[in-house]
Amino acid sequence: MFKDMARLLIALTLIAALSGLLLSLVESATREPIKEQRRLQMVKALSAVLPEFDNAPDTDTVTLQNGVNKKGEPVEVICYRARKDGKFVGTAFKMIAPDGYSGNIAVMVGLRPDEQVNAIEILTHAETPGLGDKIEEGWFKDWFKDKGLDGTDWRVKKDGGDFDQLTGATISTRAIVGAVAKGLQLYKDNQAKIQAAGEGS
Amino acid sequence: MSLKKIFTRGLWKENAVFKLLLGLCPVLAVTTNAENGLGMGLATTFVLLCSNGVVALMRNIIPSGVRIPAFIIIIATFVTIVQLVMEAWTYELYQALGIFIPLIVCNCLILGRAEAFASKRPVFSSLVDAIGMGSGFTLALFVLGAIREIFGSGELFGVTLFGAGYQPMLLMILPPGAFISMGLLLALMNKFENR
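Now for a description of the structure that goes with this document. All values derive from a computational prediction rather than experimental measurement.

Remarks on the packing of aromatic side chains
Residues and elements named next belong to chain A.
Piece 1. According to the stated counting rule, one finds eight aromatic pairs over all chains in the structure shown.
Piece 2. Ring geometry for W139 against W143: centres 6.0 Å apart, planes inclined by 55 degrees, an arrangement best described as tilted.
Piece 3. A residue is classified by how much of its surface remains accessible, and W139, at 41% relative accessible area, is partly exposed.
Piece 4. Ring geometry for F144 and F163: centres 5.1 Å apart, planes at 20 degrees, overall stacked. Placement of F144 in the loop between α2 (138-142) and α3 (170-195) and of F163 in the loop between α2 and α3 is noted, with a sequence separation of 19 residues between them.
Piece 5. Owing to a relative accessible area of 0%, F144 belongs among the buried residues under this scheme.
Piece 6. On the accessibility criterion, F163 (2% relative accessible area) is buried.
Piece 7. Aromatic ring contacts, followed pair by pair, group W139, F140, W143, F144, W154 and F163 into a single cluster.

Below is the structure:
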């Protein structure tokens, strides 16, 4: 009986150990490409939302504290800074809209020094196909271009604001509008820190 | 059983999706378009091929008392490999299939083939069985994905099929559309089979 048990245990342990070995090999082979893919994805999003730049914004960063999350842990926002000829031309950072129709929506918000939106990009979302996922379309993202906290009411029209809600996707629209507005506010409150040269990286 | 029979049976007579109704969770969830269906089918086929091969290879070593956990470890290993490889080299497909990749582990088609076939047969016929079953599964996902994409977005592989006047049936790419098209397909098949 014990001998049987030992045999089963040894067999299973061996199989698990072999599988672990194999996985560690595959992991080490894919680690670099995966890192590179994620970096490319980030650079792509940054180039889409920032004004023209000639530095490498993905390595020129400054980390801000932006309130606390539900668990009371501080929320960190990494600001990527774009420079042209050494001059600060804009920053981009990821805002999480927690109030999407199905889960969080991650938005990359690109801002210019004049406190206006340069462009936005939707990074991840799980909104309804055909309705809420219109937030990915260019014409929707263009609504936010060149708008700042002054002169724009950052609410959807249904709530009395300036933004048309997408048909059948008011919640998605409201989530994005709210996230971008929060991003603008964050920039306004931390402008000096974000523009300070050399910090972070 | 001849190799040819082992292969073709997975394609049609014992098609995992249409006949055995196995692994329906990924089938219904990812088939919002033809490309996702095809990608998920191929990923599953790859895992099935590896797991069938390894299980058949080790069928005399694995004690029958722990065979199920052993199969699951083997399957989970290959699923993780697929996930890492897809993330490294086909990032967009990886993002589209998202959480469904890890779920291949609990696709009962794969465990079912390991238990019912590969654990009792030599390596080569197990591989043939995996290719047959996998192709049948891929075919089913592709057909379902294509139908839903054509009706739901008026496209196939992202290419617009109809003129601008076509109003897509949004329902088809939403979850209910999966059940509706699956049910209609099964009904249609039963009708032809019973003739």
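Topic: helix α8 (residues 175-193) of chain B
Residue and element names in this part refer to chain B.
Piece 1. If you check α8, its first and last C-alpha atoms are 27 Å apart, about what 19 residues at 1.5 Å a residue would give, namely 27 Å.
Piece 2. Among the residues of α8, those classed as buried are G177, A178, S181, M182, L185, L186 and M189. Along α8, the residues classed as buried sweep out an arc of 155 degrees about the axis, all on the same side. The exposed set on the far side of α8, more than 90 degrees from its buried face, consists of F179, L184 and K191.
Piece 3. Of the surrounding secondary structure, the elements contacted by the buried residues of α8 are α1 (3-13), α2 (24-30) and α7 (123-153).

Section: the nonpolar core
A general feature of soluble globular proteins is that nonpolar side chains tend to end up buried together.
Piece 1. Residues V17, F18, V47 and M86 of chain B are the most contacted members of the largest nonpolar core, which totals 51 residues.
Piece 2. When contributions to this core are tallied by element, the ones reaching two or more residues are α1 (2-49) of chain A together with α2, α3 (34-57), α4 (67-89), α5 (91-97), α6 (108-118), α7 and α8 of chain B.
Piece 3. For this core, the element with the most residues is α4 of chain B, which contributes eleven residues.

Some words on a nonpolar patch on the surface
Piece 1. Side chains of M1, F2, M5 and L9 of chain A sit close together on the surface and give an oily, nonpolar patch of about 550 Å² of accessible area.
Piece 2. Along the chain, F2 of chain A turns up in helix α1.

Describing the pattern of salt bridges
Piece 1. Inspection of the entire model under this criterion finds 20 salt bridges over all chains.
Piece 2. Ionic pairing is found between D60 of chain A and R83 of chain A, a salt bridge with its closest N-O pair at 2.6 Å. Within this pair, whereas D60 of chain A is found in the loop between α1 and β1 (61-68), its partner R83 of chain A is found in strand β2 (residues 74-84), the two being separated by 23 residues in sequence.
Piece 3. Its relative accessible area of 12% is what places R83 of chain A among the buried residues.
Piece 4. A salt bridge links D129 of chain B to R9 of chain B; the shortest N-O distance between them is 2.8 Å. Of this pair, D129 of chain B sits in helix α7 while R9 of chain B sits in helix α1, and the two are 120 residues apart along the sequence. Each of the two residues, D129 of chain B as well as R9 of chain B, counts as buried.
Piece 5. Three or more residues are tied together by salt bridges with common partners; here these are R9, E14, R113 and D129 of chain B.

Observations concerning the interface of chain B and chain A
Piece 1. Every contact between the two is made by 23 residues of chain B and, on the other side, 23 residues of chain A.
Piece 2. Summed over both partners, the interface of chain B with chain A buries about 2,000 Å², with 79% contributed by carbon and sulfur atoms.
Piece 3. Inspection of the region where chain B meets chain A yields one salt bridge.
Piece 4. Across the pair E87 of chain B and R38 of chain A runs a salt bridge whose closest N-O atoms are separated by 2.3 Å.
Piece 5. Our enumeration of links across chain B and chain A arrives at three residue pairs in polar contact (both at pLDDT 80 or more).
Piece 6. At twelve residues, the largest contribution of residues to the side of chain B that touches chain A is made by α4 of chain B.

Structural notes on the pairing of strand β3 (residues 87-100) of chain A
Residue and element names in this part refer to chain A.
Piece 1. With five bridges connecting them, β2 and β3 associate as antiparallel partners. Looking across to β3, one finds that R83 is bridged to F88.
Piece 2. The turn linking β2 back onto β3 is made up of two residues, and D85 within it adopts a positive phi angle of 50 degrees.
Piece 3. Where β3 meets strand β4 (residues 103-111), eight bridges bridge the pair, whose relative direction is antiparallel. Bridge pairing in β4 links F93 to V109.

Some words on the pairing of β4 of chain A
All names here are of chain A.
Piece 1. Within β4, seven of the nine residues are buried, which leaves it mostly tucked inside the rest of the structure.
Piece 2. Where β3 hands over to β4, the hairpin turn is made up of two residues, counted between the paired strands.
Piece 3. Across six bridges, the pairing between β4 and strand β5 (residues 117-124) is antiparallel. If you follow L111 over to β5, its bridge partner there is V117.
Piece 4. Hairpin geometry of β4 and β5 is characterised by an intervening segment of five residues between the two adjacent antiparallel strands and by a positive phi of about 65 degrees at E115.

Calculation notes
Residues numbered from 1 in each chain as written. Chains lettered and ligands numbered in written order. Predicted model: local features only at pLDDT ≥ 70, side-chain atom pairs only at ≥ 80, totals over all residues. Heavy atoms only, no water. Phe/Tyr/Trp six-rings, centres within 6.5 Å; stacked < 30°, edge-to-face > 60°. Buried < 20%, exposed > 50% of the residue type's maximum accessible area, 1.4 Å probe, protein only. Helix = DSSP H or I, 4+ residues; strand = E, 2+ residues; numbered from the N terminus. Expected span 1.5 Å × (residues − 1). Arc of directions from axis to C-beta. Contact = heavy atoms within 4.5 Å. Core = buried A, V, L, I, M, F, W, Y, C linked by side-chain atoms within 4.5 Å. Patch = residues over 30% accessible without salt bridge, like charges linked within 9 Å, V, L, I, M, F, W, Y side chains within 5 Å. Areas by Shrake-Rupley, 256 points an atom, 1.4 Å probe, with all protein chains shown as cover. Salt bridge = Lys/Arg side-chain N within 4 Å of Asp/Glu carboxyl O. Buried area = accessible area lost by both parts, 1.4 Å probe. Polar contact = N/O pair within 3.5 Å; in protein donor to acceptor, adjacent residues only side chain to side chain. Pairing = 2+ DSSP bridges.

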